[in-house]
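One letter stands for each residue in the lines below.
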Amino acid sequence: GMQSHLQALLSLYRLFCPEQVTITLPGKMKTYFKNSEGPWKAAIPAVRQRNQGTSPLSQAVFLGTSQPQSRKRKWNAQLVIPASSTNTNSLEEDREKNHVYLYSTNESFPVEQLRTFPQLLQNIHRLEFPSQMGSVLTNPLLLHYMNCVKDESIYLRLYYWMGQMLQEECTWCVVDNPCEEEFKSFLATVYKAECFLQEGFSACEEFLHKTLPLWDGFSCRSEILRLVSWIPLSSSSDIKSYLYDPLAQLFFTSSIYFKCSVLESLRELLQNWLNCNVIQVDSEFSS
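Residues numbered from 1 in each chain as written. Predicted model: local features only at pLDDT ≥ 70, side-chain atom pairs only at ≥ 80, totals over all residues. Heavy atoms only, no water.

A. Molecular detail of the environment of Ala248. Along the chain, Ala248 falls in helix H11 (residues 236-251). Looking at Ala248, the relative accessible area reads 27%, which means it is partly exposed. A C-alpha to C-alpha distance of 9.6 Å links Ala248 and Lys259, two positions 11 residues apart in sequence. (Helix = DSSP H or I, 4+ residues; strand = E, 2+ residues; numbered from the N terminus. Buried < 20%, exposed > 50% of the residue type's maximum accessible area, 1.4 Å probe, protein only.)

B. Spotlight on the pattern of salt bridges. For the coordinates displayed, the defined rule picks out three salt bridges. Ionic pairing is found between Asp245 and Lys240, a salt bridge with its closest N-O pair at 3.3 Å. The exposure class assigned to Lys240 is partly exposed, which follows from its relative accessible area of 46%. A salt bridge links Arg267 to Glu264; its shortest N-O distance comes to 2.9 Å. Residue Arg267 and its partner Glu264 are both found in helix H12 (residues 256-286); the two are separated by three residues, about one turn of the helix. (Salt bridge = Lys/Arg side-chain N within 4 Å of Asp/Glu carboxyl O.)

C. A look at the layout of surface pockets. Each pocket or cavity is described by its volume, and for the second largest pocket that value is around 250 Å³. Forming the boundary of the second largest pocket are 12 residues, of which Glu199, Pro232, Leu233, Trp273 and Cys276 lie nearest the centre. Class assignment for the residues of the lining of the second largest pocket results in six nonpolar, five polar and one charged. (1 Å grid on protein atoms, 1.4 Å probe; cavity = no way out; pocket = protein on both sides within 12 Å on 5 of 7 lines; lining within 4 Å. Points joined across faces, edges and corners; volume = space filled by probe spheres on them. Nonpolar A, V, L, I, M, F, W, Y, C, P; charged D, E, K, R; others polar.)

D. Broad picture of unusual backbone geometry. Even without being a glycine, Gln198 presents a positive backbone phi close to 60°. Structurally, Gln198 is set in the loop between helix H8 (180-197) and helix H9 (202-211). Notably, Cys220 is not glycine yet its phi reads approximately 50°, a positive angle. Structurally, Cys220 is set in the loop between H9 and helix H10 (221-228). The exposure class assigned to Cys220 is buried, which follows from its relative accessible area of 1%.

Nothing here speaks to function; it is geometry throughout.
Given below as structure tokens:
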């Protein structure tokens, strides 16, 4: 029968393919589906004004959710990786104590005093990890620690922090965002950490999945294509839907330089997949 939710579905079909719906539908009915064209309608005037050289719009869009005009950063006034200090008072107290106390087995070792790789080896089971996970990205010793310990809580904390930062600072999804250079620097820092760990972050994979269909192929081009090269290996259908299809739309309408950049990124992606697969096969063979 003509149930209300079925009528709403048919009305949605009629909106996009009117020739497919031949029955008569009531003029007024309850709204079951949000307008899917909302983000695009808000982004089109912003693109027009940006191309005309006028001031940017105050309205911001990120994947269908509007942002307020005065957007406050959640962590820092500038997009800078935070210091790894968690408790400066305890740090000053520790500095006043002797070397034997620092290496005692009953106390945690603050990461602020981690300077050398031997220190990491001697204190790897009693490190006090920083509360601000962004500081991990620029600290090679802490990245070594992540590789050795494989603590799931560390990856989860980094996943939530990085996902939030990528969402709030994305320059082509948040229209009124003048901090493109800071966002480029942040993406470059994330890429260097991925190269160090020899694996991609799941937060970056989700970010690319959501934003590649909206990407203009120009903003942060080199940084985005570098992140693409560290996407984890998954099924071909998933890769096609969220990676190949969005890139193909830009590939066929862009310059030769962009085409070569995409091909180079995909070549590095294949190389990373092969390296990871070889490591996995070797570990299984040795076990």
